[in-house]
Amino acid sequence: VVLSGMSTFQQVEENLASASVSGIGRLTAADLALIDRVRAKYAELCPIPCTHCNYCMPCPNGVDIPHNFEVYNAGINYEKPAWARNEYVTWIAEKERASACIQCRECEEKCPQHIEISEWMPVVHRVLGENQPYVCKLR
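What comes next concerns the included structure.

What counts and what doesn't
Residues numbered from 1 in each chain as written. Predicted model: local features only at pLDDT ≥ 70, side-chain atom pairs only at ≥ 80, totals over all residues. Heavy atoms only, no water. Axes fitted to C-alpha atoms, helices over the stretch in contact; angles between N-to-C directions. Helix = DSSP H or I, 4+ residues; strand = E, 2+ residues; numbered from the N terminus. Parallel < 35°, antiparallel > 145°, perpendicular 65-115°, else oblique. Left-handed = near helix turned anticlockwise from the far one by under 90°. Contact = heavy atoms within 4.5 Å. Disulfide = S-S within 2.5 Å. Buried < 20%, exposed > 50% of the residue type's maximum accessible area, 1.4 Å probe, protein only. Polar contact = N/O pair within 3.5 Å; in protein donor to acceptor, adjacent residues only side chain to side chain. Nonpolar A, V, L, I, M, F, W, Y, C, P; charged D, E, K, R; others polar. Lys, Arg positive; Asp, Glu negative; His and termini not counted. Salt bridge = Lys/Arg side-chain N within 4 Å of Asp/Glu carboxyl O.

## Thoughts on the packing of helix α3 (residues 65-77) against helix α4 (residues 81-91)
Phase 1: Close contact between α3 and α4 brings their axes to 7 Å; oriented N to C, the two are set at 160°. It follows from the interaxial angle that α3 and α4 lie roughly antiparallel. Like other packed secondary-structure pairs, α3 and α4 cross with a definite hand, here right-handed. Two secondary-structure elements touch here, α3 through H67, N68, V71, A74 and G75 and α4 through P81, W83, A84, E87 and Y88.

Take a look at the structure:
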């Protein structure tokens, strides 16, 4: 991938060299299998694929959607559910918590990741606010 923001001619040359050895069909079956394994492992560690782009914001009801997702995922990523639960009840204002979601779905129309935000919010609250077991898939 050629990146914008190059500031030296050496960076231009490095990007051109990288581009010259890339292209469709360059990955082997083993490469693709490795990518699939990494993707599956990442999905286990990060069940809500939020990129924190903030396109879903502002929530008309004041929920801080990306922060709720970030805390939820961090509890799994770092195997620290107690920390995530404490973060949720201590550092996320009550009006910004997942429990304040009214499932209007306005955010879902804006989400480039196509996350079922209104379905995840009650799960996030049950897990972080009511100490229920973690859920890695909605269905």
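## Some points on the state of the cysteines
Phase 1: Evaluation of the coordinates by the stated rule reveals 0 disulfides.
Phase 2: Left unpaired, C50 is separated from the closest cysteine sulfur, that of C56, by 6.1 Å.

## Some details on the environment of Y134
Phase 1: Examined against the element boundaries, Y134 turns out to sit in the segment after α5 (117-129).
Phase 2: For Y134, a relative accessible area of 22% corresponds to the partly exposed category.
Phase 3: Aside from chain neighbours lying at most four places away, what touches Y134 is V71, Y72, G75, I76, P81, A84, R85, V127 and L128.
Phase 4: A distance of 3.0 Å separates a polar atom in the side chain of Y134 from the backbone oxygen of Y72.

## A short note on the packing of α3 against α5
Phase 1: α5 packs onto α3 with a crossing angle of 50° between their chain directions and a minimal axis gap of 10 Å. Our classification of the angle between α3 and α5 gives oblique. In the packing of α3 onto α5, the handedness of the crossing is left-handed. Here I65, N68, F69, V71 and Y72 of α3 lie close against α5, whose contacting residues are I117, W120, M121, V123, V124, V127 and L128.
Phase 2: Across the contact of α3 with α5, the residue classes break down as 11 nonpolar, 1 polar and no charged.

## Some remarks on the side chain of R85
Phase 1: Mapped onto the elements, R85 comes out in helix α4.
Phase 2: Summary of buried charges: R85 has no salt-bridge partner, and the nearest side chain of opposite charge, E130, is 10.0 Å away.
Phase 3: Polar contacts involving the side chain of R85 include one to the side chain of N131, which spans 3.3 Å.
Phase 4: At 2.7 Å, the side chain of R85 forms a polar contact with the backbone oxygen of Q132.
Phase 5: When sequence neighbours within four positions are dropped, the list of residues in contact with R85 reads V127, L128, N131, Q132, P133 and Y134.

Honestly, that's just the spatial picture; any functional story needs more than this.
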